[in-house]
Amino acid sequence: MNYFLTEQQKSIREIARRIAEEKIMPVRAHLDETGEFPWDILKELAAADMFRVFIPVEFGGLGGGCLDLCLVAEELARACCGVATSYIVNALGCMTLIEYGNDDQKRNYLPDIASGQRLTAFAITEPTAGSDSANIQTTAEKVDGGYLLNGTKRFITNGGEAEIYTIIALTDQSKGARGASAILVEKDTPGFTFGKKEMKMGIRASATRELVFHNCLVPEGNLVGKPGHGFIQAMRLFDKSRPGIGAVAVGLCQGAMEAAVEYAGQRIQFDQPIIALPVVQQMLADMAIQTEAARALVHAAAKYVDSGARDASEFSAAAKVFASDAAMKITVDAVQVCGGSGYMHDYPVEKMMRDAKILQIYEGTNQILRGVVATGLRKRKGKVACT
Ligand SMILES: Cc1cc2nc3c(=O)[nH]c(=O)nc-3n(C[C@H](O)[C@H](O)[C@H](O)COP(=O)(O)OP(=O)(O)OC[C@H]3O[C@@H](n4cnc5c(N)ncnc54)[C@H](O)[C@@H]3O)c2cc1C
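These numbers were taken from a predicted model, which means no experiment stands behind them. (Residues numbered from 1 in each chain as written. Predicted model: local features only at pLDDT ≥ 70, side-chain atom pairs only at ≥ 80, totals over all residues. Heavy atoms only, no water.)

Caption draft 1: Examining the site of the ligand more closely. Neighbouring residues of the ligand: 18 residues in total, closest Thr125, Ser131, Phe155, Thr157 and Thr365. In the environment of the ligand, a nitrogen atom lies 2.6 Å from a nitrogen or oxygen atom belonging to the side chain of Thr125. Between Phe155 and the ligand, the recorded distance is 2.8 Å, taken from a backbone N or O atom to a nitrogen atom. Relative to its unbound accessible area of 970 Å², the ligand is 64% covered by the protein chains. If you list the elements that add at least two residues to the shell around the ligand, you get strand 1 (120-123), strand 3 (146-157) and helix 12 (366-379). Ranked by residue count, the leading element in the shell around the ligand is strand 3, at three residues. The class makeup of the residues in the shell around the ligand is nine nonpolar, seven polar and two charged. (Near = heavy atom within 4 Å. Polar contact = N/O pair within 3.5 Å; in protein donor to acceptor, adjacent residues only side chain to side chain. Areas by Shrake-Rupley, 256 points an atom, 1.4 Å probe, with all protein chains shown as cover. Helix = DSSP H or I, 4+ residues; strand = E, 2+ residues; numbered from the N terminus. Nonpolar A, V, L, I, M, F, W, Y, C, P; charged D, E, K, R; others polar.)

So, in structure tokens, the structure goes:
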């Protein structure tokens, strides 16, 4: 399919594809096995300007948008979903700053993020606030000299590895989520520590940790946007970031499909390659159809976000849900096509199947996001929403 990408977008995609094939594919099984954080690969991405893609030009970036980010994420995820997750969550970690930060904050942080020198993370989830993300308990009390943070964030991607954290915390406890604000916290701030690295089913190259704040004092100037607007900023942010998770899913669909086609072409049973069997062809054809449909929806949602539309919730949610459900189905089917070999560590589809599951869970579970789509549908009384 021709998505009529610009020359810059094609070039970004080519660079990401080259790094994925030359640097990620050879080590992905090792990263999965050890859970090692992929610093060497992130450095390669930084050297190739991949962290600049979505940062405004005036702060050292290439000035691209959601679609540009999706193109990189898809290529990385075709090779390894764990690496792609570390990359895409870095974008989530600094989107609040890009969207709502003041000039001083942007000048202070964005050039280092663009160069890949400093990685970022985003933290809203807590033990009591998962799908019910409005139920956060972490506080950021206004005191002399800044904000005093207390509380625990859970399941935070890039936790412990990132240098800069966007934390959603209550600056006014009496108002609940309406009293939440976004606050930047740097890694070595006294009172800020990390829990153990989580042992995960998949995306094992990505780091997931608890963030613990105990009387952690951050300067007043670290509050991003308006006090009390942190929760709504986070929800708007997810509208912009979810196509990126959809793109990770599309990359995974593509990688699993390629592995299944290759295996089916080589595996001989009943004196013929199994790809000659109609039942296998049907499975591979379904993979191709679902992958391209997911890609088209993700591109459309990303372009809608890039148009500046303020009602992107439904489309972003739809793209993430469709693509991640497709990734789950395609990776399960890819294991099936590869038979017993597909079940073994030696073949990439086993890892891909484990990696796929998280895409239906993080950045809003697919049940919650179907609720977002249903809300839009109700508002429009079922009418078509495209323009
Ligand atoms: C590997 C990993 C990385 C993550 N990275 C980050 C990160 O970087 N930053 C961050 O802030 N968070 C992160 N998260 C948190 C993630 O977004 C949450 O796990 C997710 O939103 C679900 O919350 P929960 O795990 O508490 O599940 P729960 O909310 O407890 O949900 C459990 C089940 O109940 C269902 N459910 C709950 N409420 C409803 C409802 N109203 N309607 C229908 N179904 C419902 C859910 O869909 C789910 O199936 C990460 C999580 C994981 C596992």
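Caption draft 2: Local environment of helix 9 (residues 313-337). Here helix 9 is 25 residues long and its end C-alpha atoms lie 36 Å apart, about the 36 Å a rise of 1.5 Å per residue gives. In the stretch just after helix 9, Gly339 is the one whose phi turns positive, near 60°. (Expected span 1.5 Å × (residues − 1).)

Caption draft 3: The arrangement of unusual backbone geometry in detail. We note that Asn215 has phi near 45°; this positive angle belongs to a residue other than glycine. Summarising the element assignment, Asn215 is placed in strand 7 (residues 208-218). Even without being glycine, Asp271 reaches a positive phi, approximately 65°. Given a relative accessible area of 79%, Asp271 falls into the exposed group. (Buried < 20%, exposed > 50% of the residue type's maximum accessible area, 1.4 Å probe, protein only.)

Caption draft 4: Highlighting the pairing of strand 1. A two-sided burial pattern is seen for strand 1, the buried positions comprising Thr120 and Phe122 on one face and Ala121 and Ala123 on the other. For strand 1 and strand 4 (residues 164-170), the ladder comprises four bridges, and the chain directions are parallel. Looking at strand 4, one finds that Ala121 is bridged to Tyr165. (Pairing = 2+ DSSP bridges.)

Caption draft 5: Local environment of the pattern of salt bridges. In total, this model carries 27 salt bridges according to the counting rule given. We note a salt bridge from Lys142 to Glu220, for which the minimum N-O separation is 3.5 Å. Of this pair, Lys142 sits in strand 2 (residues 139-143) while Glu220 sits in the loop between strand 7 and strand 8 (223-224), and the two are 78 residues apart along the sequence. Assessed through its relative accessible area of 47%, Glu220 is described here as partly exposed. Where Arg370 meets Asp325, a salt bridge forms, and the shortest distance between an N and an O atom there is 2.6 Å. Placement of Arg370 in helix 12 and of Asp325 in helix 9 is noted, with a sequence separation of 45 residues between them. Take Arg370: its relative accessible area is 45%, and that puts it in the partly exposed class. Residue Asp325 is classed as partly exposed on the basis of its relative accessible area of 22%. (Salt bridge = Lys/Arg side-chain N within 4 Å of Asp/Glu carboxyl O.)

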